[in-house]
Amino acid sequence: MPTPLENLFLDLPRITSEHSPVSPVYKLLKTFVRKEIEGLFSNAEPCVSKTFSPFGELIFPYVRMGAIDSLDLFGMDELIIFSFYWTNRHLYKRVVDIGANIGLHSILLSKCGFTIRSYEPDPDTYKKLRKNLELNKCAHVEAINAAVSSTKGTCEFTRVLGNTTGSHLTGSKPNPYGDLERFPVTVESIEPLIEWADLMKIDAEGHEKEILLATKNDQWQKTDALVEIGNEGNAKAVFDHFNKIKINLFAQKTNWKRVTKINDMPMSHRDGTLFISRRSETPWSINFTL
């Protein structure tokens, strides 16, 4: 018998009209999801697998990351993205995971059968990423200890000790607060990555503007992206850029309708994901009608 979470993953493509974070159905599912995840992973120990259907068995040890913990990586917006991966497991082949953190997206992408290049700049977080990939026997994931930007080189990185998921390339967030550590990290250019991938997941903690504005129309002819937008300034810059190069944007905020005006854009992580594609509609509807 399917588990409640499996039913959710399989049903999400059917209810895209309720994916907006302000939808009553979304809010109800968000409460349900948290209880299910707490039941599975609150006391998750190393090497203990849990059934996480339809992806199969998942080993994901519980860790604290400042004020938040690994349970927060299973939020409702994330589960919508996971459902997208599963729904489109035959549409894409090669995925770049930018801002991989401790590896949950890369693990589930691997369980969908994709080949993944996984980028995480923080060396401490990268060690946890590598360990989680090993625990889940992710043979087709290449983990790289680097950030991604418009050009290759070295940049300063800010580690936010109170919430390490908010760590970022210095300058990507205007006023980071709390205890901070700063150190140099390796940075790779987006250009060879977008040429290699047919899907990108970008969670760059405010640096998405620099990454996306470095891309051109021809690079999007075989590549799609799922992106978190960090702030209003980035939203406007991204909106203007993709209007200029004539590539479509679709927002979870508006239940995956095509973005036609700036108010349709997500202005922060609270507004959900932005989908970037040459396609005329999102693969939710394409796959559901096949």
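A quick note: this is a predicted structure, and the numbers were derived from the prediction, not measured.

A. A look at the nonpolar core. Judged by nonpolar contacts, the single largest core of 49 residues is most densely connected at Phe-41, Phe-52, Phe-60, Phe-74 and Tyr-85. Of all elements in the fold, only helix 1 (4-11), helix 2 (24-41), helix 3 (76-87), helix 4 (104-111), helix 5 (123-135) and strand 7 (141-144) reach the threshold of two or more residues within this core. A per-element tally of this core places helix 3 first, with eight residues. Apart from the residues lying within four places of it in its own chain, the contact partners of Phe-41 are Lys-50, Phe-52, Leu-58, Phe-60, Tyr-62, Leu-71 and Phe-74.

B. Representation of the packing of aromatic side chains in the model. Applying the stated rule across the entire model yields 16 aromatic pairs. Ring geometry for Phe-157 and Phe-183: centres 5.6 Å apart, planes at 45°, overall tilted. Of the two residues, Phe-157 is situated in strand 9 (residues 153-160) and Phe-183 in strand 11 (residues 180-189); the sequence distance between them amounts to 26 residues. Their ring planes at 45° and their centres at 6.3 Å tell us that Trp-256 and Trp-284 sit as a pair that is tilted.

C. Region of the structure containing helix 3. Along its twelve residues, helix 3 runs 16 Å from first to last C-alpha, staying within 8% of the 16 Å computed at 1.5 Å per residue. Of all twelve residues making up helix 3, eleven are buried, and the element is well covered by its neighbours. Here helix 3 has its buried residues at Met-76, Asp-77, Leu-79, Ile-80, Ile-81, Phe-82, Ser-83, Phe-84, Tyr-85, Trp-86 and Thr-87.

D. Main features of the sheet that holds strand 5 (residues 94-98). On the basis of which strands lie adjacent, the open sheet formed by eight strands has the order 7-6-5-12-13-16-14-15 and mixed pairing. Whereas interior strands pair on both sides, the edge strands pair on one side only; in this sheet they are strand 7 and strand 15 (257-258). With four bridges joining them, strand 6 (residues 115-119) and strand 7 adopt parallel strand pairing. By the bridge assignment for strand 7, Ile-116 is matched with Val-141.

E. Region of the structure containing the packing of helix 2 against helix 3. Relative orientation of the contacting elements helix 2 and helix 3 amounts to 95°, with a least axis distance of 9 Å. Classed by the angle they form, the pair helix 2 and helix 3 counts as roughly perpendicular. For the pair helix 2 and helix 3, contact is made by Tyr-26, Leu-29, Lys-30 and Val-33 and by Met-76, Asp-77, Leu-79 and Ile-80, respectively. Taken together, the residues of the contact of helix 2 with helix 3 sort by class into six nonpolar, no polar and two charged.

F. Fine view of the environment of Tyr-85. Assignment of secondary structure puts Tyr-85 in helix 3. For Tyr-85, a relative accessible area of 1% translates into the label buried. For the pair Tyr-85 and Phe-9, spaced 76 residues apart in sequence, the C-alpha separation works out to 10.0 Å. Aside from chain neighbours lying at most four places away, what touches Tyr-85 is His-105, Leu-109, Cys-112, Phe-114, Leu-199, Lys-201 and Leu-226.

Criteria and cut-off values
- Sequence order sets the numbering: in each chain, residues are counted from 1 along the sequence as written.
- With pLDDT at 70 or above as the cut-off, local features in this predicted model cover only qualifying residues; side-chain atom pairs require 80 or more to be listed or tallied, and sums for whole chains, interfaces and linings still use all residues.
- Hydrogens are left out, water is left out, and the side-chain values use all remaining heavy atoms of the structure.
- The term nonpolar core refers to a set of buried residues drawn from Ala, Val, Leu, Ile, Met, Phe, Trp, Tyr and Cys, joined through side-chain atoms within 4.5 Å.
- Here's how the labels work: a residue is buried when its accessible area is under 20% of the maximum for its type, exposed when over 50%, partly exposed in between, all with a 1.4 Å probe on protein chains only.
- Runs of H or I in DSSP of at least four residues are treated as helices and runs of E of at least two as strands, each being numbered from the N terminus.
- Contact definition: two residues touch when any of their heavy atoms are within 4.5 Å.
- Pairing of aromatic side chains requires ring centres within 6.5 Å, counting the rings of Phe and Tyr and the six-membered ring of Trp. Pairs whose planes differ by under 30 degrees are stacked, by over 60 edge-to-face, and all others tilted.
- Between the first and last residue of a helix there are one fewer steps than residues, each counted as 1.5 Å, and that sum is the expected span.
- Only strands joined by at least two bridges in the DSSP assignment are considered to pair.
- Angular values range over 0 to 180 degrees, each being the angle between N-to-C directions of two axes fitted as lines to C-alpha atoms, with helices fitted over their stretch in contact.
- Throughout this description, any angle smaller than 35 degrees is read as roughly parallel, any larger than 145 degrees as roughly antiparallel, any in the 65 to 115 degree range as roughly perpendicular, and the remainder as oblique.
- Three categories are distinguished: nonpolar for Ala, Val, Leu, Ile, Met, Phe, Trp, Tyr, Cys and Pro, charged for Asp, Glu, Lys and Arg, and polar for the others, with Gly belonging to the last.

By themselves, these observations are geometric and do not establish any function.
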